[in-house]
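Tertiary structure, described
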Amino acid sequence: MAMLWKFMRVAKYSKTTLAPKVKVRGIPTHSRHSSSKSVPSDFAASAPCSNTVELLGKSYPQDDYSNVTEKILSKVGKNLHNRKHHPLWLIKEQVKEHFYKHYLGRRGTPLFSVYDGLSPVVTVQQNFDSLLIPQNHASRRKEDNYYLNRDHMLRAHTSAHQWDLIHSGLDAFLAVGDVYRRDTIDNTHYPVFHQMEGVRLFSCHELFSSIKDGEGLQLFEQGHRTAHKQECHTMEAVRLVEFNLKQVLTKLMTHIFGDGLQVRWVDCYFPFTHPSFEMEINFQGEWMEVLGCGVMEQQLVNSAGAQDKIGWAFGLGLERLAMILYDIPDIRLFWSEDERFLKQFIGPHIWQKIKFQPLSRYPPLINDISFWLPSETYSQNDFYDLVRTIGGDLIEKVVLLDEFAHPK
């Protein structure tokens with residue numbers, strides 16, 4: 001049987017706080033068994049040793065789908081988005097204040113309710129099925145998610161709470177929390193990050209009441225699905241919902257990044273919205289994608305008990321906005337306990353202009369690793385979890401440099 005050999009480079013810093021503009025190379029891989037001087041050859045990135053996982057006061061039996069590591073479990077409950085003066089907390093509070101101030105209900109109270117303490121442990125049904133994600137969709141793979149077992153997982157997006165919150169009777173809400181995805185190792189990717197989900201539903205009266213002669217307009221029809229609408233929606237309803245969605249998000253980003261912000265919309269695909277869009281902003285001369293959004297799939301809305309309403313949803317990454325707004329060069333800095341980092345974000349108000357000042361100028365340490373791999377199926381994310389478990393956040397980047405298959 002031919003054996004596959006991998007040569008990999010791991011770049012490590014001597015401090016967890018990283019200096020900006022330091023370029024290094026490092027590695028991915030495709031293997032189940034690896035050996036080197038510093039790590040055991042039979043390490044399985046798939047699970048702790050016991051038969052159960054204890055998390056947030058509950059016990060979850062392990063099975064063949066369990067792949068969450070101790071390193072990842074240690075992040076659960078940190079809730080950086082709720083830590084006062086943390087940069088992610090600042091972004092959350094800015095968005096929350098904007099929605100509280102500009103969108104009021106009939107009694108003058110905030111229209112949007114905010115949920116920032118929902119458990120990150122969800123069922124597979126919540127994370128995928130409720131959002132109409134097909135059984136064979138690539139986003140369900142073990143290689144990309146952290147499963148406690150076949151039935152429970154660490155949420156991969158805050159969208160996992162959409163159905164439950166709509167089913168509880170809410171028409172407008174923001175859900176904020178930590179999400180977990182197995183990913184590459186570099187300065188813009190981390191297996192734990194933070195999202196904010198926004199949802200707004202409209203009744204026929206709410207959507208058309210401000211339209212002249214809108215009494216005869218309807219939300220639904222028996223039609224055909226096109227690139228611009230779902231089969232059950234009228235074109236008038238979709239256009240108004242889409243207009244409202246883009247207006248709300250444009251005002252939000254302008255409020256955060258300043259007047260004169262250039263915005264553009266890119267058509268895209270999400271299983272739970274149609275039509276769907278990505279929002280890009282031009283910040284300091286560079287176009288950047290900041291969020292995804294769209295008109296909610298009516299099947300999802302109907303199943304949650306809001307059959308007489310139509311709505312939009314968006315999802316944005318708090319780290320993404322904070323890195324742009326505060327000029328933070330590395331996503332791992334958000335997990336730093338260094339006071340030199342944290343004190344930079346303490347100010348008299350949440351809108352204070354802050355520019356991150358680098359802390360460390362130590363040169364990188366580069367390690368090259370080579371090892372033999374068997375031919376069994378293996379995900380490169382298994383190796384990334386191994387690296388994170390052993391090296392923690394000191395590892396800046398991992399890059400595959402070479403591979404060789406032995407002819408015998």
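Here's a quick rundown of the structure. Since we're looking at a predicted model, the values are computed, not measured.

We now examine the overall build of the protein. Counting secondary structure elements, the protein contains 10 helices and 14 strands. The buried share among the 408 residues of the protein stands at 50%. Taking the contacts inside the protein whose residues are at least 6 apart along the sequence as the reference set, 68% of them involve residues at least 24 apart. Within the structure as shown, the protein displays about 19,600 Å² of accessible surface, and the carbon and sulfur contribution to it stands at 50%.

Take the sheet that holds strand 10 (residues 273-283) next. Across the sheet, which stays open at both edges, the seven strands sit in the order 4-7-8-12-11-10-9 with mixed pairing between neighbours. Edge positions in the sheet fall to strand 4 (113-115) and strand 9 (262-270), since each of these pairs with one other strand and no more. The average angle at which neighbouring strand axes cross in this sheet is 25°, direction not considered. Here five bridges tie strand 11 (residues 286-296) to strand 12 (residues 310-317), and the two strands are oriented antiparallel to one another. By the bridge assignment for strand 12, Gly292 is matched with Gly315. Helix 6 (residues 235-257) rests against strand 8 (192-202), strand 9, strand 10, strand 11 and strand 12 of the sheet, and its axis sits at about 30° to strand 12. Strands strand 7 (172-180), strand 8, strand 10, strand 11 and strand 12 of the sheet are contacted by helix 8 (residues 318-326), whose axis makes an angle of about 55° with strand 12.

Here the amide bond leading from His274 into Pro275 is cis, since omega sits at -5°, within 30 degrees of zero. Summarising the element assignment, Pro275 is placed in strand 10. Phi angles above zero are rare outside glycine, and Asn79 is one such case at about 50°. With respect to the element layout, Asn79 can be found in the loop between helix 1 (70-73) and helix 2 (87-102). Despite not being glycine, Asp327 has its phi angle at roughly 60°, a positive value. Relative to the elements of secondary structure, Asp327 occurs in the loop between helix 8 and helix 9 (339-342).

For the rest of this paragraph, the subject is the packing of helix 6 against helix 8. Direction vectors running N to C along helix 6 and helix 8 enclose 40°, while the axes themselves pass 11 Å from each other. By the angle between their axes, helix 6 is oblique relative to helix 8. For the pair formed by helix 6 and helix 8, the contact residues are Met253, Ile256 and Phe257 on the first element and Leu321, Ile324 and Leu325 on the second. Among the residues forming the contact of helix 6 with helix 8, the class breakdown is six nonpolar, no polar and no charged.

Let's shift gears to the packing of helix 2 against helix 6. Where helix 2 meets helix 6, the closest approach of the two axes is 10 Å, and the angle between their N-to-C directions is 125°. What the angle tells us is that helix 2 and helix 6 run oblique. The handedness of the crossing between helix 2 and helix 6 comes out as right-handed. On the side of helix 2, the interface is formed by Gln94, Val95, His98, Phe99 and His102, while helix 6 contributes Val248, Lys251, Leu252, His255 and Ile256.

Quick look at the environment of Asn381 now. For Asn381, the position within the fold is in helix 10 (residues 380-391). In this structure Asn381 comes out as buried when scored by relative accessible area, which is 7%. Here the alpha-carbon distance between Asn381 and Asn145, two residues 236 residues apart in the chain, equals 9.7 Å. Setting aside chain neighbours within four positions, we find Asn381 in contact with Glu143, Asp144, Arg182, Asp183 and Thr184. Looking at Asn381, its side chain comes within polar contact range of the main-chain oxygen of Glu143, at 2.6 Å.

Across the nine residues that make up helix 8, a large majority, seven, are buried. All buried positions along helix 8 are accounted for by Leu318, Glu319, Leu321, Ala322, Met323, Ile324 and Tyr326. The positive-phi residue at the C-terminal boundary of helix 8 is Asp327, with phi of around 60°.

Take the pairing of strand 2 (residues 52-55) next. Here strand 2 shows a clear split, with Val53 and Leu55 buried on one side and none of Thr52 and Glu54 buried on the other. Direction of pairing for strand 2 relative to strand 3 (residues 58-61): antiparallel, over a ladder of four bridges. Of the residues in strand 3, the one forming a bridge with Thr52 is Pro61. Joining the antiparallel neighbours strand 2 and strand 3 is a turn of two residues, in which Leu56 adopts a positive phi near 50°.

If you walk through the whole model with that rule in mind, you get zero disulfides. Considering cysteine sulfurs only, Cys293 is the nearest to Cys268, which forms no disulfide, with 7.3 Å between them. On the basis of relative accessible area, Cys268 is assigned to the partly exposed category, the value being 25%.

Turning to its location among the elements, Lys92 is positioned in helix 2. Given a relative accessible area of 3%, Lys92 falls into the buried group. Here His81 takes part through its backbone oxygen, which lies 3.3 Å from a polar atom of the side chain of Lys92. What Lys92 contacts, discounting residues up to four positions off in sequence, is His81, Asn82, Asp116, Val176, Met196 and Leu318.

Parameters at a glance
- Sequence order sets the numbering: in each chain, residues are counted from 1 along the sequence as written.
- Only residues with pLDDT of 70 or above have their local features reported here, since the model is predicted, and side-chain atom pairs are shown and tallied only from 80 upward, although totals for entire chains, interfaces and linings are computed over all residues.
- Computation of side-chain values: all heavy atoms of the structure, hydrogens and water removed.
- Under the scheme used here, helices are H or I runs from DSSP no shorter than 4 residues and strands are E runs no shorter than 2 residues, and both carry numbers assigned from the N terminus.
- Burial here depends on accessible area, computed with a 1.4 Å probe over protein chains only, as a share of the maximum for the residue type. Under 20% is buried, over 50% is exposed, and the range in between is partly exposed.
- Note on contacts: a residue pair is in contact if any heavy atoms of the two residues lie within 4.5 Å.
- For every accessible area listed, the method is Shrake-Rupley and the probe measures 1.4 Å; residues are considered covered only by the protein chains on display.
- Here a strand pair is declared whenever DSSP counts at least two bridges between the two strands.
- Angles here are taken between N-to-C directions and fall from 0 to 180 degrees, while the axes themselves are lines fitted to C-alpha atoms, restricted in helices to the stretch in contact.
- Orientation is classified from the angle alone, with under 35 degrees giving roughly parallel, over 145 giving roughly antiparallel, 65 to 115 giving roughly perpendicular, and any other angle giving oblique.
- Following the grouping adopted for this structure description, the nonpolar residues are Ala, Val, Leu, Ile, Met, Phe, Trp, Tyr, Cys and Pro, the charged ones are Asp, Glu, Lys and Arg, and the polar ones are all others, Gly among them.
- Two helices crossing with the near one rotated counterclockwise from the far one by less than a right angle form a left-handed crossing, whereas a clockwise rotation gives a right-handed crossing.
- For this analysis, a polar contact is any N or O atom pair within 3.5 Å, provided that within protein one partner can donate a hydrogen and the other can accept it, and provided that sequence-adjacent residues contribute only side-chain to side-chain pairs.
- Sulfur atoms of two cysteines make up a disulfide when they are within 2.5 Å.

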